[in-house]
Amino acid sequence: MRCSHNYVYTQGHFVCTKCGRRTYGRSHRKKGTKKIGLVISGIVVVGIVGFLFMNGVLEFNQENFQESIRNIPERLPEIPVDIPKIPIEVTKPISTEIENMKKTASDIIQPQPSSIEQSKNNIDYINQIRIEKGRAPISFDQRAYELSLARVRDTIEYDYFDHTNPITGSCPDSMKTKYGFSSSEFVAENLAGGIFSPDSAVDLWLTSQGHRYNLLYTGHTAGATACEGGNCVFLGVNNDGFGDGCHTGEEGAAWHESLGKCTDEQFAQMDILQEKYDSLSKEYERFPQMARSQSEYQQAMKMYNELQSLYNQINNFKC
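What you see is a predicted model, and the numbers here were worked out from it, not measured in a lab.

K.L.:
Help me understand the packing of helix H10 (residues 264-285) against helix H11 (residues 294-315), please; the structure alone is not making it clear to me.
P.N.:
When two helices pack together, their arrangement is given by the angle between the helix axes and by the axis-to-axis distance. It is the contact of H10 with H11, at a shortest axis distance of 10 Å, that shows an interaxial angle of 150°. The angle between H10 and H11 falls in the class roughly antiparallel. Note that H10 runs across H11; the crossing there is left-handed. On the side of H10, the interface is formed by Leu273, Gln274, Lys276, Tyr277, Leu280, Ser281, Glu283 and Tyr284, while H11 contributes Ala300, Met303, Tyr304, Glu306, Leu307, Leu310, Tyr311, Gln313 and Ile314. Looking at the contact of H10 with H11, its residues break down into 11 nonpolar, 3 polar and 3 charged.

Here you go:
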């Protein structure tokens, strides 16, 4: 289409009095020409797409279309104006972060071992309980402390929880000579897990018949407690054979179970019988194999009968 309005010549150009368009001639095309071209192009595109659908070239999935409409959120999330920068620490390799976590957990689970001073204070705590129950107090033994700590570390290193190492076969009795104990000295062990202080271990042991018995054992003269890595060990020192040999916790539990629910006083009675038997046995061993006189023979037989009686009382002791 061409404009058919009047023109005015000014400054070397013809200016249309209708639309204000400048031109070098007396006619020009309207701006609407471009719009008409776009409309025509759109019609052509729609026609082509329609033709492709009709001939099966393009397919329309009504179900997917409806699902897409349903998934459109009612309101688009707002984009933050200031996006925070990622901290440098987060960009470290994952393996490094895991190792740091392990190190932190290790610091929590495996604190420093209990000190000698803590062990001495723990023996004072045990003695308070022993005196309340009519037992003689025991003294702190540094050898027992060092052996207790060695026992704790052995359970951690070999990852077991028992009085005898299932891999090496070692136990307090087999380890004691390395820490200055003689063959006539014996150590009886208590073991606790998930505990981080000697006093807390004692509180736990007092709730168990077998462990309580060891803490209050009348034959103990000394002892010590040590803790590390969540495990604690108490060793009571005696000279009457209590703790001789390597035994498992299961064996110890079975022995105490056979005694039923004995009270502390009843256990003390059994300890007295045991002490009498041990003392009399030493005296009896001094006698020669062949009696040198009639009186010596009668004395030996009397002692033998007493030993036999004590032995039967101990083995048949019930609560």
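K.L.:
I would appreciate a short explanation of helix H7 (residues 198-205) in the present structure.
P.N.:
An α-helix turns once per 3.6 residues; consequently, residues spaced three or four apart project the same way. Turning to H7, its buried residues are Pro198, Ala201, Val202 and Trp205. For H7, the arc enclosing every buried residue in end-on projection is 100°, short of the 170-degree limit, so these residues lie on one face. Buried positions along H7 lie against helix H4 (116-132), strand S5 (186-193), helix H8 (209-215), strand S6 (222-228) and strand S7 (231-238).

K.L.:
What is the right way to read the pattern of salt bridges from this model?
P.N.:
Opposite charge on two side chains lets them pair, provided their charged atoms get close. Scanning the entire structure with this criterion turns up 9 salt bridges. Put simply, Arg143 and Asp141 hold a salt bridge, and the shortest N to O gap is 2.9 Å. By relative accessible area, which is 26% here, Arg143 ends up partly exposed. A salt bridge links Arg212 to Asp264; the nearest nitrogen and oxygen atoms lie 2.5 Å apart. Of this pair, Arg212 sits in helix H8 while Asp264 sits in helix H10, and the two are 52 residues apart along the sequence. Neither Arg212 nor Asp264 differs from the other in exposure class; each is buried.

Reading the values: the criteria
- Along each chain, residues carry numbers from 1 onward, in the same order as the chain's sequence is written.
- Only residues with pLDDT of at least 70 get local features here, since the model is predicted, and only at 80 or more are side-chain atom pairs given and counted; chain-wide, interface and lining totals rely on the full set of residues.
- Side-chain descriptors were evaluated using all non-hydrogen atoms of the structure, hydrogens and water having been removed beforehand.
- The angle between two axes is taken between their N-to-C directions and runs from 0 to 180 degrees, where each axis is a line fitted to C-alpha atoms and a helix contributes only its stretch in contact.
- The way it works is that DSSP assigns letters per residue, a run of H or I at least four long becomes a helix, a run of E at least two long becomes a strand, and they are numbered from the N terminus.
- Each angle receives one of four descriptions, namely roughly parallel if under 35 degrees, roughly antiparallel if over 145, roughly perpendicular if within 65 to 115, and oblique otherwise.
- Here a crossing is taken to be left-handed if its near helix is turned anticlockwise relative to the far helix by less than a right angle, and right-handed if that turn runs clockwise.
- In this analysis, two residues are considered to be in contact whenever any of their non-hydrogen atoms come within 4.5 Å of each other.
- Residue polarity is assigned by list, with Asp, Glu, Lys and Arg as charged and Ala, Val, Leu, Ile, Met, Phe, Trp, Tyr, Cys and Pro as nonpolar; anything else, Gly included, falls into the polar class.
- Working definition: with a 1.4 Å probe on protein chains only, accessible area under 20% of the residue-type maximum means buried, over 50% means exposed, and in between means partly exposed.
- Arc, as used here, means the arc of the directions from the helix axis to the C-beta atoms.
- We define a salt bridge as a side-chain nitrogen of Lys or Arg found within 4 Å of a carboxyl oxygen belonging to Asp or Glu.

Everything listed is a geometric property; what it means functionally is a separate question.
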